[in-house]
Amino acid sequence: MRGGALMSDGLSGPSILISKKKGAPLSGYDGSTRLKSGHESRETFVKRQRKKVLSQSIVRELLPFEESRMQSQYRRAMNCGNIVEQRDGKLTTWYCKTRPCLVCNGIRTAMLIDAYRPVVESWREPTLVTLTVPNVALSELRSTVDSMAHQFRLIIRQLRRAGHEIGAVRVTEVTGNSVDSLHPHFHVLARSEALGRAILDSWLERHPKAVRAAQDVREADTESLRELFKYLTKLTSTDRAPKVLDGILSEMWGKHLVRPYGFRLETDPMNDEAFDELVPTNTEFKRHGESILWVWHDEIGNWIDHTTGELLVDSMPPFGLSGFA
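Residues numbered from 1 in each chain as written. Predicted model: local features only at pLDDT ≥ 70, side-chain atom pairs only at ≥ 80, totals over all residues. Heavy atoms only, no water.

## Here's the deal with the packing of helix α1 (residues 38-60) against helix α3 (residues 102-121)
Selection rule: Between N-to-C directions, angles cover 0 to 180 degrees, with each direction set by a line fitted to C-alpha atoms, over the stretch in contact for helices. Runs of E in the DSSP output that reach at least two residues are strands. Runs of H or I that reach at least four are helices, and both are numbered from the N terminus. What sets the label is the angle itself: under 35 degrees gives roughly parallel, over 145 gives roughly antiparallel, 65 to 115 gives roughly perpendicular, and the rest give oblique. By the convention used here, residues are in contact when the closest approach between their heavy atoms is within 4.5 Å.
As a packed pair, α1 and α3 sit with axes 8 Å apart at the nearest point and diverge in direction by 130 degrees. The angle between α1 and α3 places the two elements in the oblique class. Contacts between α1 and α3 pair R48, K51, K52, L54, S55 and I58 from the former with L102, V103, G106 and I107 from the latter.

## Overview of the pattern of salt bridges
Our working definition: By definition, a salt bridge exists where a carboxyl oxygen of Asp or Glu is found within 4 Å of a side-chain nitrogen of Lys or Arg.
Under the defined criterion, the tally for this structure stands at 17 salt bridges. The closest approach of N and O atoms between R218 and E227, which form a salt bridge, is 2.6 Å. Through salt bridges with shared partners, a single ionic network connects R42, K286, R287, E290, D305, E310 and D314.

## Structural notes on the sheet that holds strand β1 (residues 83-87)
Basically, it comes down to this: Whether two strands pair comes down to DSSP finding at least two bridges between them.
Taken together, five strands build an open sheet; the order of strands is β8-β2-β1-β9-β10 and the sheet is antiparallel. With one partner strand each, in any of the chains shown, β8 (282-283) and β10 (302-305) form the two edges of the open sheet. Pairing between strand β9 (residues 292-297) and β10: four bridges, direction antiparallel. Counterpart to W294 in the pairing with β10 is D305.

## A closer look at the pairing of strand β4 (residues 168-178)
Sheet topology note: the β4/strand β5 (residues 181-190) ladder contains nine bridges and is antiparallel. Bridge pairing links S178 to S181 in β5. If you look at the hairpin formed by β4 and β5, you'll find two residues sitting between the two strands. Bridge count between β4 and strand β7 (residues 258-261): four bridges; the pairing is antiparallel. By the bridge assignment for β7, A168 is matched with Y261.

## Structural notes on the packing of aromatic side chains
Condition: In this scheme Phe, Tyr and Trp rings, the latter by its six-membered ring, pair at centre separations within 6.5 Å, and the angle between planes marks the pair as stacked below 30 degrees, edge-to-face above 60, and tilted otherwise. A 1.4 Å probe rolled over the protein chains alone gives each residue an accessible area, and that area as a share of the maximum for its type sets the label: buried under 20%, exposed over 50%, partly exposed in between. As a reminder, the over-ring test applies to NZ of lysine and CZ of arginine, requiring each to be within 6 Å of the ring centre and within 35 degrees of the ring normal.
Within this structure, the stated rule accounts for ten aromatic pairs. Measuring from ring centre to ring centre gives 5.4 Å for F45 and W303, while their planes differ by 85 degrees; the resulting arrangement is edge-to-face. With F45 in helix α1 and W303 in strand β10, this pair connects stretches of sequence that are 258 residues apart. Residue class for F45 comes out buried when judged on its relative accessible area of 1%. Relative accessible area serves as the criterion here: at 1%, W303 is assigned to the buried category. Every member of this aromatic cluster is reached through a ring pair, and the members are F45, F285, W296 and W303. Sitting over the ring of W296, K52 keeps its end group 5.1 Å from the ring centre. Looking at R170, its charged tip hangs above the ring of F186, at a distance of 4.5 Å from the centre.

## With respect to the sheet that holds strand β3 (residues 127-132)
Spatially, five strands are ordered β6-β3-β5-β4-β7 in an open sheet, and the strand pairing comes out antiparallel. Two strands lie at the open edges of the sheet, namely β6 (216-219) and β7, each paired on one side alone. Across the sheet, the mean angle from the axis of one strand to that of its neighbour is 20 degrees, orientation sign disregarded. Sheet strands in contact with helix α7 (residues 242-251) are β4 and β5, and its direction is about 150 degrees off that of β4.

## Looking at empty space enclosed by the protein
Quick reminder of the rule: Detection works on a 1 Å grid of protein atoms alone, calling trapped sets that fit a 1.4 Å probe cavities and calling open sets with protein on both sides within 12 Å along at least five of seven lines pockets, with lining residues defined by an atom within 4 Å of a point. Grid points are joined across faces, edges and corners, and a volume is the space filled by probe spheres set on the points. Gly falls in the polar group here, along with every residue not listed as nonpolar (Ala, Val, Leu, Ile, Met, Phe, Trp, Tyr, Cys, Pro) or charged (Asp, Glu, Lys, Arg).
A full pass over the atoms with the stated rule returns one cavity of 30 Å³ or more. Of the volumes computed, that of the largest cavity is approximately 40 Å³. Looking at the largest cavity, the residues that line it are F45, R48, C80, G81, V84, T93, Y95, V103 and W303. A class-by-class count of the residues in the lining of the largest cavity yields six nonpolar, two polar and one charged.

## Things to note about the nonpolar core
Definition in use: Here the nonpolar core consists of buried residues drawn from Ala, Val, Leu, Ile, Met, Phe, Trp, Tyr and Cys, with membership extended through side-chain atoms lying within 4.5 Å.
Among the nonpolar cores identified, the biggest contains 30 residues, and Y116, L141, V169, L189, F229 and V258 are the most heavily contacted of them. Residue contributions to this core peak at six residues, all from α3. The residues contacting V258, other than those within four sequence positions of it, are L112, Y116, V169, R170, V171, F229, L232 and M270.

Take a look at the structure:
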């Protein structure tokens, strides 16, 4: 299977396989054959330029934390997409695939939406559920998230045995701007309102200190997938101090932020190998037929051809674009 198949979290009981062809895993995104037009590629690099400038401004504030376990990821994120090679009509680059990188997070989010959309569209009444626990200190964050994930698995197992048809996607988010008070919670897209409410009821039974008003159950709509996966990019948020952001990223190191339950994807966009396979290929949009190395320069926020001085993106990023207030 390409990129490593992602199963439904190893729970007991049969998984529901959602597929257009019986016996074949669903693959909702075929980026391996996706070739963007010149116009699409131009627009892609205009957006990427802005994200890269913002991403670097955020990561630059995190680099001083030399003892951080994220240090290597910060360095990789700073160099993500620095060189764009134009050859044989295509534009290719190296992606860091790290969590601090807004460019890679944006690409991965689009992949996740495309991969999960066929599954969610097959559900009759998809429902969004928010599950919370009381705030915790940074030192307790990792163990708290582990406990939350364990309890969620037990809930799914319990509901499956009770006869519920299981189908859900769980995304982890952490908010807060103090190492003394962080708010870990789950956003869940369930296949039905009945399943969503059953998950919430079981969650409250297992977490008596959780505040009922802080939980939420509501009908999903066409924007729900985008809303669900936007929380991945919010992990690298500019509304918190660099020290807090480094702490959150470090404590969430190696954690699965997205988990499916009751079905499987043939290719998981959260897998780095799958990322390389799924990322669309950009087509050249200037000086057609030439071989060029476009090199990123931090001081101007753009890629330059050193042989001519030409810029890859004609527009310049907004003056004063910064990650932290």
